[in-house]
Amino acid sequence: MTSSDRTVVVTGIGVITSLGQGKADNWRALTRGVSGIKRISRFPIDGLKTTIAGTVDFIAVPEPSAPAMSERLAELVIEEAIAEAGIGRPGDFPGPLFLALPPVELEWPQRQALAAASGANDSVTYDDLLRAADSGDFTAYFRRFLFSSVGQNLADRFGAKGSPIATSTACASGGTAIQLGVEAIRRGETDAALVVGTDASVNPESLIRFSLLSALSTRNDPPSSASRPFSKDREGFVMAEGAGALVLESLSSARARGATILGTVAGCGEAADGFHRTRSSPDGKPIIACMRKGLADAGLDPDKIGYINAHGTGTPENDKMEWVGVSAVFGERAGSIPMSSNKSMIGHTLTAAGAIEAIFSLMAMRNGVLPPTINYDIPDPTLPVDCVPNVARAADVAYAISNSFGFGGQNVCVVLGREP
Amino acid sequence: MQHERDALITGIGLISCLGEGADAHWAALNDPNGFQPVLDRASFAPYAVHPMTALTLDKQIPKRGDQRQMEAWQRIGTYAAGAALESAGIKGDTAILERTDMIVAAGGGERDYAVDQSILSALPKAENPGAYLNEHLLGDIRPTLFLAQLSNLLAGNISLVHGVIGSSRTFMGEETSGADAVRIACARIGAGSGDIFLVGGSYNAQRADVLLHYAMGRTLWKGEPTSVQGRMPAGGGMTIGSVGCFLVIESRAHAAARGARALAEIAGIETGRCQRLPHQASEVAEGQLAALGAKLDPSDSAVISGASGALEATREELDWLATLGLPTRLTATALGHSVEPSFVANLALAAIAVSRGALFAPLDASEQVTAAGTLKQALVTGWGPWRGESLALVTRP
């Protein structure tokens, strides 16, 4: 472990999920076992195999698109986190921004607007779209759909320093963003970093893409029952939206300014998997290596971990492989360490998941309550996990590990501590 | 002053319209008959693009199944990554690759143009457009296309094909994502939280959807092909180019321990931002230059500029570069502007030039001819057409 001066602590957090806006609402729902999954109302669901998602429907943006909505959610959680941390001045955050962001591309409404502007009648080609782009005024689309737009706009608004880094390691992105922030503070480049994971990409094409990979649950009725991590009858994940922001600081800086310390990021581990584009190595090696690297980085033995915040997507494959990894790393203790999945309630917030679930892990330790895994009706005998079934549980936990495993074989584990 | 945590470039994988590898690029950039751009002017007229050189994919992506699973941008990147590992002498070296950290700068992947066009054609007439869109996205898209589009799946493919599995991160954000990828790798090497990195990206310019994006921004050059400088009086504009570039960057100690030959050192790298009000970008660059200052020796230096051709950014950069008074090359004239990998490719060209002690020939009449055998270092610039300013100093190792 690095010197105590470079210990990284969390002094502000902000969160939005389908359960609500802000820490208080989310925590209340999360500990009562409430599901945020509902029927999709944002677009027609005719013909879809999956008609449910954990959408954030209570926040609107003028010209909806995944980057516009992701940016808005990020703004709101950053505001909450900075207010709690009481750091910097308005519009002047004293450190860099690390952003976990879904990939950005032009969406169907914009494509249709270009097609309409082209005046093409029977058959629309990309040549027509190119002509329309050149003759109309679509510069707003150009900026909106640059990958850099969200990070640059957030940096403008909050005055983050230096070049904002937007990262994607699929479902591990939030963990990667935290790791980038931790590293920058440990290197002494900054005393504070703003980390945010955001994802609002529930739109027809994104949903259908996951559907085509057979990754999504099709248990549409009732929607709240669809996300069933560790259950024998689990059949896929539920797409969801949300955002989480963390203000990270060096311990010395946080103490010097008298900030309330909400917890520590004790260590981060990452490992890539070269086995398959969507499946984990059957031996679990990368997942095991990732958790061990996180523990080693934190300077902790596995027996210090009191809670595992599971990746727990509820796909047959993920939950099986996660158990393989956990049982290898934690040995005989594996089945007795509480290991719950927030995704049972909020769904899979994809790019944002690593940040949101790290936040919930910190809140669990601070509040002494572990959020449950709901919909745990039929235990899977091959996964003897203590998933905190269906009802939240009081627990005294000093260290937790939050797992994130992404498509493309990108894995990140974040070890969090209650006190520095 | 040498230090064991210096960041050295020990491998370069560079592919573009000019060919494959350092020698091919050096030869094309020093053509005794004068530089001739390689352009495809027909496919996307009125826009020209610099097409990727013909690749024998089997050389770096041996399994046909892997080739099929990827779209062109991933094949370009995976190929360039393999070439970089080969150039560093670590291709297939499992013991090293298992602890090699990777940072990829990526955009997104190709659309299925036929599906897009057919849906766009039918939607206005569809009785229930929403249902029509769902039905045809579900029925017409190849199920695995998503994996050829996701930004992080270039890195995923490199792990799969080349076994680089120490760690894997993907940065998104056009030009600056490439520079930040290198910056973070160098910072981690400097801090001892990584010994050897594979860093780079890829760009397929031969795509209607990326041209569409820049056409919406009115940033493309439509006139007769000419150098980046030559476009300025007529309103500027970018000509995009297909490029794949990866670098193996490692600590001096790690390179020495395995007997690797270093081409160059990344003596410093800075990335920054501003809102692009007049002169702001120059101020950012001035600050970056000051941060690198102590290591810069203007007497034997040059500038490899990533100026894209987009009017405001390029004009301001050219004005700022003029204050430096160094021999300058605007490589977008030759390779085209390649967005995410552009900065990495320019670092590669700088490393090649420094390792040969010479700057390559001018690409425009306004670029100063230099004497051979004198170049010891090069500055590399990367200003995005919209946002982001980057500056690096490449020196002899």
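The structure displayed is predicted, hence computed values, not measured ones.

To continue, consider the overall build of chain A. When helices and strands are counted, chain A shows 13 helices and 15 strands. The C-alpha radius of gyration computed for chain A amounts to 21 Å, which stays within 12% of the reference 22 Å derived for 420 residues, consistent with globular compactness. Projected onto its principal axes, the C-alpha positions of chain A cover 65 × 50 × 40 Å. Expressed as a percentage of the 420 residues in chain A, the buried residues total 67%. Taking the intrachain contacts of chain A between residues at least 6 apart in sequence as the baseline, contacts between residues at least 24 apart amount to 78%. Total accessible area on chain A stands at roughly 13,100 Å², and carbon and sulfur atoms take up 51% of it. For chain A, the distance from the average site of its 37 positive side-chain charges to the average site of its 45 negative ones is 4 Å.

Taken together, the contact between chain A and chain B spans 80 residues of the former and 75 residues of the latter. When chain A packs against chain B, close to 6,700 Å² is buried across both sides, 62% of that on carbon and sulfur atoms. Counting the contacts that link chain A with chain B gives 11 salt bridges. Here Arg188 of chain B makes a salt bridge to Glu183 of chain A, at a shortest N to O gap of 3.8 Å.

Moving on to the domain arrangement of chain A. Residue and element names in this part refer to chain A. Domain parsing of chain A yields domain 1 (8-105 + 145-417) and domain 2 (108-144). Taken together, the contact between domain 1 and domain 2 spans 14 residues of the former and 7 residues of the latter. Roughly 770 Å² of surface becomes buried between domain 1 and domain 2 when both sides are summed, with 46% attributable to carbon and sulfur atoms. Contact with domain 2 buries area across many residues of domain 1, yet Phe145, Leu146 and Glu205 alone supply 60% of it, more than any other trio. Our count for the domain 1 to domain 2 interface comes out at 1 salt bridge. For the salt bridge of Arg144 with Glu71, the shortest nitrogen-to-oxygen distance reads 2.7 Å. Taken together, the elements giving at least two residues each to the side of domain 1 that touches domain 2 come down to helix H2 (66-85) and helix H6 (149-158). Class assignment of the residues belonging to the side of domain 1 that touches domain 2 gives a composition of 7 nonpolar, 3 polar and 4 charged.

Thresholds, definitions, all that
Residues numbered from 1 in each chain as written. Chains lettered and ligands numbered in written order. Predicted model: local features only at pLDDT ≥ 70, side-chain atom pairs only at ≥ 80, totals over all residues. Heavy atoms only, no water. Helix = DSSP H or I, 4+ residues; strand = E, 2+ residues; numbered from the N terminus. Rg over C-alpha atoms; globule rule 2.2 N^0.38 Å. Buried < 20%, exposed > 50% of the residue type's maximum accessible area, 1.4 Å probe, protein only. Contact = heavy atoms within 4.5 Å. Areas by Shrake-Rupley, 256 points an atom, 1.4 Å probe, with all protein chains shown as cover. Lys, Arg positive; Asp, Glu negative; His and termini not counted. Charge placed at Lys NZ, Arg CZ, Asp CG, Glu CD. Buried area = accessible area lost by both parts, 1.4 Å probe. Salt bridge = Lys/Arg side-chain N within 4 Å of Asp/Glu carboxyl O. Domains from an automatic or database assignment. Nonpolar A, V, L, I, M, F, W, Y, C, P; charged D, E, K, R; others polar.

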